[in-house]
Each structure stands twice: as C-alpha cells, then as structure tokens.
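# Architecture and fold: a report
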Amino acid sequence: MPATQNNMRTHINKFLLSAAIACTGLMASAQGLEDIIVEEYHTVTQADADAYNNNIGGGSYPLVAGMKVYRIYVDMAPGYRLIQVYGDPAPLGVPESLNPLDITTTTFFWNDDNYGTEVPGQTRRFDEGLLFDSYITVNTTGVSGGAAGCGVNTQQFGVPRADDTDGDLTTCGVYPGFTGNDGNIPGTGPTLTYNLGGTMNFAAFTTDGSTFTIVDEGWTTLPASQGVDPNGTNRVLIAQVTTDGELSFHLNVDISDPNLNLERYVWNAVQDPGQQVSPLLTYPPLPADCEGVAGGSALPGTPCDDNNATTGNDTWDNDCNCVGQLIDCEGVAGGPALPGTPCDDEDPTTGNDTWDNDCNCVGTPLFDCPLLEANIGDPCDDGDANTENDTVNASCVCVGTPIVVFDCPLLEANIGDPCDDGDANTENDTVNASCVCVGTPIVVFDCPLLEANIGDACDPGPGFINGVVTANCECVGEPTDCVHDVVIDFATDANGADISWSISPLAGGPPVCSGSGLPSNQSSVLEACCLPDGCYRLVVTDAGGDGISGGGYILRMLSGQRIIDNRDNGAFGSESSLADGEGFCLPLGTDQPIASSCDRAYWVSGNFLVAAENAAVSNVWNTTSAGDPLRANSGYEFWFFDPNGTDDYSFRKLRTHAVSDGFGDVGATRACHIQLNNWAISQHLQDQVLYNVRIRGVVNGEPLSEYGPACRVTLDAALAACPPTKLNDVVGHPNFSCGVTRTFGGPNSASNRIHAMAIAGANQYEFEFSNAGEGYLFSRFSNNVQRHLNWPATAGPALQTGSTYQVRVRARKGAIWCAWGDPCDVTIGGSAAPGTESMSMEEGPATLAIWPNPNSGDQFWLHLDAIEEGVHVVDLDIMDLTGKSINARVIPVTDRSLYTVIDLNGDLATGMYMVNITAGAKRWTERLVIAR
C-alpha cells in the first residue's frame, strides 16, 4: 500500500460517515442516485482468446472465448459526487453486516496477473491484458500506450462505449474481435483510495475466485469524483469484471449533492441513520410488485387502496387488481348491515326497524293508545275551554286541568305575582293584597355601571375568580387559567418606596398583577405574577421622578428566559415602559440570537447580529428557487426596542431570504444575519444606549410564534476597539479558570495555570491579584492568555496557601490597555518551592487542540504548543470536503506557542471541515464539525 494511503488509516467508511453525521438534519430526501448501469462491454471471441493466449499473454489464466466483460457504473444526477462504494460493518451486538458488498459469478472471474491487477494499472497498456482485466476503480481504467497512432501515455477514464468520442486509441487493434470505440477516453482524476482497514481481499479477482466480498471496507477518491460529463450523464465507472458465468452483485454507495448534502444508499436494510434502501443496488434487478416497484412490498394479498370510499379491507388480488369489500351501514367492510336488513333504532316507540337505502335505521311508530295515536302523557286537546295543560292519562283519555281564577282579575294576576308599577325608581315590583302593583325604591350604588358598591363581590369574567369591586369601580379577580409564571427582578435605590409596577392586558382593562413600595438599596427584589396566554404591558413608575438610580429591573419567565432586560439602566424619570403602548405576548417563542450575538456590549454599525437557525425558515430556502415570492416573505423579524421607551424607540425589520443585507454568503442561513443600522437613519441604534432585541421566524408573511427571549444590544465604538476580558468562565471548557483552586510554585503544569479569554489582536495581558484582608495587590504580565503561578520569590510577593484572591485581567492592543473585566476568585490550594517559570517544564511533541467540537459556528479556541524554534507565524486554512479553502489567515506565534480564539461569525454552513495548521516544516490537521 502506498505511504499516502497508509497515513489515511482513518477508515474511509468512518471518515465519510462522520461527515454525513455532521450534516444532521441535512440528509437529502432528493434522489441523486439515478441508476446502476451494467454495460456488456465485450464478449470475448475465439480470435481474441488466441491473440491473448498465443501472442500477448503471460498471465496465469487463459482467456476463453465466450467470456463477457462487464463494466459497472454509478449513474448520478447532474452535479452530484461519488463519496464511496462500501460494505457496511456489522452493527453492535449483531454477528453479521446487514449490507455487505459482494460481486459474484456462477463460475469464476478472469484476471491477467501478469499485466493486470485488482485496481487499474498505472503503467500497463490496454493492448496487453488490462483491457479484459477484473478490477475495482473510480473512473480510471489505466494508462494508454503502444505503437504509433495508438495514443499517448495518458491516464484513461472508462465510459460506456456508446459515449466514447475518440474511437479506439488504446487497444492498438491487437484483439481481432474487439472493434469500434474502446470505451476509454483521456482524463485526469484523483488517485483511488482503498483497503484503508487492510481487510479487503482481492482473491476472487486474482485466483479464479467466484465472489468478491467486503465488510467494513470501501473504495473512493479524495476529493470525491464525478463522471466525465458532471453536468449531464454524470456516470462514474466503479468496477470491471470478466467471467463466463452469470453475474450478480449487491452494492452500497454514498453520494453528495452540489451543496455537499450526503445521500446514503444501501441494498438491503437501513443500518445507520440517514441510509435508505434502493433496489437499484441489486443485480440482476428484483422483480416488480403490483405497483411496478422493483422488489416492492405491494404483493397479492397485501393491503392497498382502491380509492373507493364505499369499500374497505382493500387488498391486491392474484391479477394485481386492488379489490375491497363493500362497507355496510355500520361502517364494517364486508359486514351484514345492508339496506333492508333488521336493525335497532333505539326508539321504544317504534317496531320492525330496518336499514333504508340511505343507511338510516327506521321503525314503525308504536302508541300506548292506538285510537288516539298517542302515548300516555302526550299533550292533547279535551275540547273544554275551561281547562288547560290537557294530556293523555293512563286510561287513554285526554284530560285537562281547570283554569285558575286570578286573585286580581283586572291585573290577570294573583297576589305576590311580579308586575311593573311603571316607576323607574322602584324595583322588585309585586301585586299586594289590595291588588295594587307596588315596588321597592331602588338603592343608589357607589358604582352605578356595575350596580354595586365598593367591596362587593362581582363577576371578574372568564379566566378569573373571587372578583371584588375596587375603589376605582373595577371588578378585579384572581386568574384561574394562569400558565406562565413571570418575575420582575428589581435592583432598587435609596427610594424603593417610590417604585410601583403593573402588568395589564395589552387590549386594555384593569391590571392582572401590580405592586408598590419596594424595599430600598436591595440588589434583588423579586415580584411574581402568573399570567394566562395573551398579550400584556409592563409599566414601572417612580413617584420621585428620578427613576431607579444605579439600579433597574428584568422581566423574565420564572424558568429564566428574559422578556425585557433593563438592569443597571434605571435612569428613566417617572415611567419606564415600551414605546407606542407596546408590550409582550405569551407563550414566549424560542427564536433568539446565537450566543456570541447575545448581551454583547460593544457593537458597531455594520456588524452582523446573527439569529439561531429555525429549520422551518431554512426549509423555505431549500425548497424554493430565486424569484419565488415565498422567499421574499420568509425570514426572521428582528425587534429592537429601548426598554425605557426613550425617544419612542421601537423598530422592527423583517430580514428575508430575498435580500443580502450586505452579507456575502448565500444559503439557508443568510437571512439569520442582520447588519446593524443598515436601515433608515431615523431608526438607527444610537451609541452607548441600551437596547433589547427579540426575534421570531416568519414563513410566507406569517409569524411562526411569538417573539423569543430578549438579549441586550449596545453600540460602543470605543469599547469595541479595545474590549474587556476576564478569566475563562465557560463551564466545561478545558481552560476553565473562574472560581478554581490552583497550586503556587512547583512544576509548570496545568495545575498551576489560569487562563483568560483571548482578545483578537492583543499583544499582552495583565493579571491583577488582590486580597483586601491581607493587603495584597500585585500584577503579573504575559504575552499569552495563560498565567503560570510559580513565579520566583524575587519577582513579587508570594501567594499564600489557603488564601483566595480576586483576579482581574485586561488586554493590551498596541500601546493601549483595554478596560478591566469582571473579577474571578482563585484559591491557592498548595505550594512548592518557588522557581523560575521555565525551569521545570518538560517539553513534549507539539500538539494541536481545537474546541468546542462539534461547534455552533460562532468561534472556536485553538491551542498549539512546543512549536519549533525560529517559527514566528503559523498558517491557518479551513477547507471543506471538496478541498476548497473557506477561511485562511496568518497568526503570530508567541514564546513557541499559540493560544487564541478564531471568530467564525456564523459564516460556515452545517457540515464537516478540515482545519490545517502549518508551522515551519510541520503540518497538523483536525476535523471541525459545525452543527447548529
């Protein structure tokens, strides 16, 4: 095996399958595999056999007349690439593979082991033996050569002989029975890569074998290959076999579309996520079922649909007709409940019930009193004007009740009956003993519209209970359908008693929740409220007219998602509320900015704020083409607002698929990127003003949900030029350094290092250690983001075992020191004899690490240590699987090490990439998986 292949022992199945898994959600449903073509390339004549056996041969096996030469091609849609041809490994816990690859003959395969081989010859001539050889390949058939006029020594690609455009340039006419185009044309392609696991056995091709089988192996080219006509027929030759027996095979292939979306096809059964079974991969082709599908399941006796609503239990008969049973009046296919048959209408007053032609169960009426055609208790007319409420009694006689004579005939009423005395100032009018209609004087209410007094119980309306009339004549109750627990987290000033708040329905009405008189000088005062689904408005007021000096508030879900974030922004005067009477709606949506775009305090105009991808929005791009109106009405709606309503600022912008907004890349996630202030100047975000941003996905002009959680956005050009940093506080990060315990002195190892977050372009970092109780304040400087804690005693005061220090970090860019970041605690857990930082370091081989991996596409950290002496810069190149360079840059080296952050800004699509680092004469490569 060549050395280049030996270095690629990262098994090709696993390598390319990893690329497919990295495209989770992008396994294409399209059918890029159009066919597997088996070409009967040539039938060996006796003249061909004599020419080889008597004049050309030299191999171990004679060529026999009647042998057929077959060529096998993978036929793909235009623009697709062949990733690999392979046999699946056995699944975990299963003794055998579900999809082994095999190529079989009923006799044996012929191979010229003198000039041919199991793969296309790189120096052999077709006029010697390779023409009829059995081998695997990707496109390549060998190298032409021979006498004058028979071509030049160039690499050849195999194409169907009908597609050959240059005649016979390779066989030199030495095989009398082989005439016409030779099916080989000049071409240049990548080298075949195969047998990476070392388990591929070519004995079937080289020792007169009958079955070539591989499991957990495959062959391919790197990069992936296309046919000689990639935008047309796009057929790739994968094997040539010669035999006088019957040929059969089972194949598995992976291919990718022009956007590198992976499609995985297997011949037998789905074994891994993303695979799909294709009958094209079995030869000879499987017989067609009743629907004309090769190897399909629509066989006689199996279910089908005859598209007749009056039948059920449809199945294919022996003549492949879809036949069903008639559905009866009770909805049972083949049932006995047919028109004219008995039924039960469940009416005791009828008999002889049967199904009619409309499948209604109808019976003949039965009466208790046949002569009256009525039942006992039925209304009737006894013919007596002095009776009323006439009914049929138990003796089948119509009898009425004598009509009552009123106490007050003139009023046609009895004493105590309700009446109307005609006085609007009375109520509850009744007839008195004197046959006069008299009412009770009406009481004057505190709240006439409610007809109630303050404090009276009242009906608060749907969704509320325990209603009480308030001093404002409003009926306020407790919500019963509350499903959303929200919290207002206040940071109060010295006048907390002046603060009040309310949450009211956005459409108007009394507050659902409210509060006032908060405690003063508290960093966190929680005010809770439970809300039903709906839209609401939050208003925070300060009776003193100076807002919450030095404080603020956050409205958030109890589970943590922010709705309005106004912390440390309380200088709002008398009232803080959203402009234009706007508010918030529940349930909260899920669309929001990616992590690197959330709560960033140093944006500048022209930066791209990036939304997390919504699959439904991306699907519009993936299923439409340019100019489709659906693209112009689908994307992400970004809502920027001032939480205090300052300058009435509230601005929404729909970022659709149809425009670039200054973002160069094209794809399903382009609409995620909005360029700040790339809109009308009157709506620009202002420098050093706190804004909130909330996002929701939109498809065809309709929002997919309410707006998602809020993030803070602040433009600050000065801070962006030199931003603050701090110790690494990313939980789970290998260099997490905030709130840790470290050793002072001793070996120069990870146990006595702390790490800061890298600032792009920084040339130095200052680490400040302080402990007010011990009167300790001391700084150490570093040209890297890591700080060793084993400095010599002569270099500054020693850190004390058991003590905790507050550590701040700031970066230097050029000659300017940036602002300090937030402090973190570092505890000294033990110490050893102080020494020089480089004294105890044992240098090992240089290693490259990148994290996090898989990555969300925002940024990744890169660490390379023990770089060889004299190397001052390294070259970084990020490439996709086709070998295209996506991101290249040069990075300076400090003290023979590299530790930095690489900003991706959401530019890379979901998939797998290769990160190549070149430092002097050495090169490192790591895979980077982008999975949003």
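These numbers were taken from a predicted model, which means no experiment stands behind them.

### Overview of the overall build of the chain
In terms of helices and strands, the chain carries seven helices and 60 strands. On the principal axes, the C-alpha backbone points of the chain span a range of 145 × 105 × 55 Å. Taken across its 932 residues, the chain has 45% of its residues classed as buried. For the chain, restricting intrachain contacts to residue pairs at least 6 apart in sequence, the fraction spanning at least 24 positions comes to 59%. With the model as given, the accessible surface of the chain reaches about 43500 Å², and the carbon-plus-sulfur share is 51%.

### What to know about the pairing of strand S55 (residues 859-864)
With five of six residues buried, S55 is to be regarded as a mostly interior element. Here four bridges tie strand S54 (residues 848-851) to S55, and the two strands are oriented antiparallel to one another. Looking at S55, one finds that Ile850 is bridged to Leu862.

### Concerning the environment of Pro336
Its place among the elements puts Pro336 in the loop between strand S19 (322-326) and strand S20 (350-355). A relative accessible area of 69% places Pro336 in the exposed class. Taking the C-alpha atoms as reference, Pro336 lies 9.9 Å from Leu326; in sequence the two are 10 residues apart.

### Side note on unusual backbone geometry
The omega torsion across Leu222 and Pro223 is 0 degrees, close enough to zero to call that bond cis. That bond from Tyr283 to Pro284 is cis: its omega, 0 degrees, falls within 30 degrees of zero. Of note, Pro284 is situated in the loop between strand S17 (282-283) and strand S18 (311-316). At Glu373, a position not held by glycine, the phi torsion is positive, near 50 degrees. Secondary-structure assignment places Glu373 in the loop between strand S21 (361-365) and strand S22 (387-392). Relative accessible area serves as the criterion here: at 60%, Glu373 is assigned to the exposed category. Non-glycine residue Asp661 carries a positive phi angle of around 55 degrees. By relative accessible area, Asp661 is classed as buried at 8%.

### What about the state of the cysteines?
Enumeration according to the criterion identifies 16 disulfides in this entry. Two residues share a disulfide in this structure: Cys482 and Cys530, whose sulfurs sit 1.3 Å from each other. Handedness of the Cys482-Cys530 disulfide follows from its S-S torsion of about 65 degrees: it is right-handed. Taken as a pair, Cys482 in the loop between strand S28 (475-479) and strand S29 (484-491) and Cys530 in strand S32 (residues 525-531) lie far apart in primary sequence, 48 residues in all. Between the sulfur atoms of Cys722 and its disulfide mate Cys818 the distance is 1.7 Å. Between Cys722 and Cys818, the disulfide has an S-S torsion of -90 degrees and is therefore left-handed. Placement of the pair is Cys722 in the loop between helix H7 (717-721) and strand S46 (740-744) and Cys818 in the loop between strand S52 (816-817) and strand S53 (824-831), with a sequence separation of 96 residues. The class of Cys722 is buried, set by a relative accessible area of 12%. You can call Cys818 buried: its relative accessible area is 4%.

### Side note on the pattern of salt bridges
With the rule as written, the count across this model stands at 15 salt bridges. A salt bridge links Arg264 to Asp254; its shortest N-O distance comes to 3.0 Å. Here the residue Arg264 occupies a position in strand S15 (residues 262-266), and Asp254 occupies one in strand S14 (residues 253-256), the gap between them amounting to 10 residues. Accessibility classification places Arg264 together with Asp254 in one group, the buried group. Close ionic contact of Asp565 with Arg712 constitutes a salt bridge, the shortest N to O distance being 2.9 Å. A residue pair is termed long-range when its members are at least 10 positions apart, and Asp565 in strand S35 (residues 562-566) and Arg712 in strand S45 (residues 711-715) qualify at 147 residues. Across this residue pair, the class does not change: Asp565 and Arg712 are buried.

### Re the sheet that holds strand S12 (residues 235-243)
The strand order S1-S2-S12-S5 describes an open sheet built from four strands, whose pairing is antiparallel. Of all strands in the sheet, those bounded by a partner on one side alone are strand S1 (33-43) and strand S5 (135-136). Bridge count for strand S2 (residues 68-76) against S12 is eight bridges, and the pairing is antiparallel. Looking at S12, one finds that Lys68 is bridged to Thr243.

### Quick notes on the nonpolar core
Core analysis: the largest hydrophobic core is formed by 36 residues, its most contacted members being Leu82, Ile103, Phe212, Trp219 and Ile238. Membership of the second largest hydrophobic core comes to 29 residues, among which are Ile503, Cys513, Phe584 and Leu586.

### Concerning helix H3 (residues 46-56)
Every buried residue of H3 is accounted for by Asp48, Ala49, Ala51, Tyr52 and Ile56. All buried residues of H3 project into a common sector of 160 degrees when viewed along the axis, lining one side. The exposed residues of H3 that point more than 90 degrees off its buried face are Asn54 and Asn55. Immediately downstream of H3, the backbone of Gly58 shows phi near 140 degrees, a positive value.

### What about the side chain of Asp88?
If you trace the backbone, Asp88 turns up in the loop between strand S3 (81-87) and strand S4 (101-105). For the buried Asp88, no salt bridge is present, and the opposite-charge side chain at shortest range is Arg264, 4.6 Å distant. At a separation of 2.9 Å, a polar atom in the side chain of Asp88 contacts the side chain of Gln275. Discounting chain neighbours no more than four positions away, the residues touching Asp88 are Ser97, Asn99, Val215, Asp216, Asn252, Val266, Gln271, Asp272 and Gln275.

### Describing helix H5 (residues 615-623)
Turning to H5, its buried residues are Val617, Ser618, Val620 and Trp621. Looking straight down H5, one finds that the buried residues subtend no more than 145 degrees of arc, so they occupy a single side. Exposed positions of H5 whose direction lies more than 90 degrees from the buried face are Ala615 and Thr623. A distance of 2.9 Å separates the backbone nitrogen of Ala616 from a side-chain oxygen at the start of H5, and that oxygen is part of Asn614.

### Remarks on the environment of Tyr135
Within the secondary structure, Tyr135 is located in strand S5. With relative accessibility at 0%, the residue Tyr135 sits in the buried group. Between the alpha carbons of Tyr135 and Phe205 there is a distance of 7.0 Å; along the sequence they are 70 residues apart.

### Notes on the environment of Thr193
Positionally, Thr193 belongs in strand S9 (residues 192-194). Sequence separation between Thr193 and Trp219 is 26 residues, and the spatial gap between their C-alpha atoms is 5.6 Å.

### Let's talk about the sheet that holds S3
One open sheet accounts for six strands, arranged S9-S11-S3-S14-S15-S16; its pairing is mixed. Only two strands of the sheet have a single neighbouring strand rather than two, namely S9 and strand S16 (275-277). Going from strand to strand, the sheet's axes swing by 25 degrees on average, the running direction of each strand aside. Of the pairings in the sheet, the one linking S3 to strand S11 (residues 217-221) comprises three bridges and is antiparallel in character. Paired with Gly87 across the strands is Glu217, a residue of S11.

### Some words on the packing of aromatic side chains
Tallied over the full model, the rule gives 20 aromatic pairs. A ring pair is formed by Phe640 and Trp679, whose centres lie 5.5 Å apart and whose planes are at 40 degrees; its orientation type is tilted. Placement of the pair is Phe640 in strand S40 (residues 635-641) and Trp679 in the loop between strand S42 (673-675) and strand S43 (690-699), with a sequence separation of 39 residues. Accessibility assignment for this pair places Phe640 and Trp679 in one class, buried.

### Remarks on the confidence of the model for the chain
Per-residue confidence for the chain gives a mean pLDDT of 85, with 90% of residues at or over 70. This model gives residues 14-29 a pLDDT under 50, and the stretch forms 37 contacts once residues within four places in sequence are excluded. Counted against residues more than four places away or in other chains, residues 832-844, with its pLDDT under 50, gives 27 contacts.

Parameters and conventions
- Residues numbered from 1 in each chain as written.
- Predicted model: local features only at pLDDT ≥ 70, side-chain atom pairs only at ≥ 80, totals over all residues.
- Heavy atoms only, no water.
- Helix = DSSP H or I, 4+ residues; strand = E, 2+ residues; numbered from the N terminus.
- Buried < 20%, exposed > 50% of the residue type's maximum accessible area, 1.4 Å probe, protein only.
- Contact = heavy atoms within 4.5 Å.
- Areas by Shrake-Rupley, 256 points an atom, 1.4 Å probe, with all protein chains shown as cover.
- Pairing = 2+ DSSP bridges.
- Disulfide = S-S within 2.5 Å.
- Salt bridge = Lys/Arg side-chain N within 4 Å of Asp/Glu carboxyl O.
- Core = buried A, V, L, I, M, F, W, Y, C linked by side-chain atoms within 4.5 Å.
- Arc of directions from axis to C-beta.
- Lys, Arg positive; Asp, Glu negative; His and termini not counted.
- Polar contact = N/O pair within 3.5 Å; in protein donor to acceptor, adjacent residues only side chain to side chain.
- Axes fitted to C-alpha atoms, helices over the stretch in contact; angles between N-to-C directions.
- Phe/Tyr/Trp six-rings, centres within 6.5 Å; stacked < 30°, edge-to-face > 60°.
- pLDDT = per-residue confidence, 0-100.

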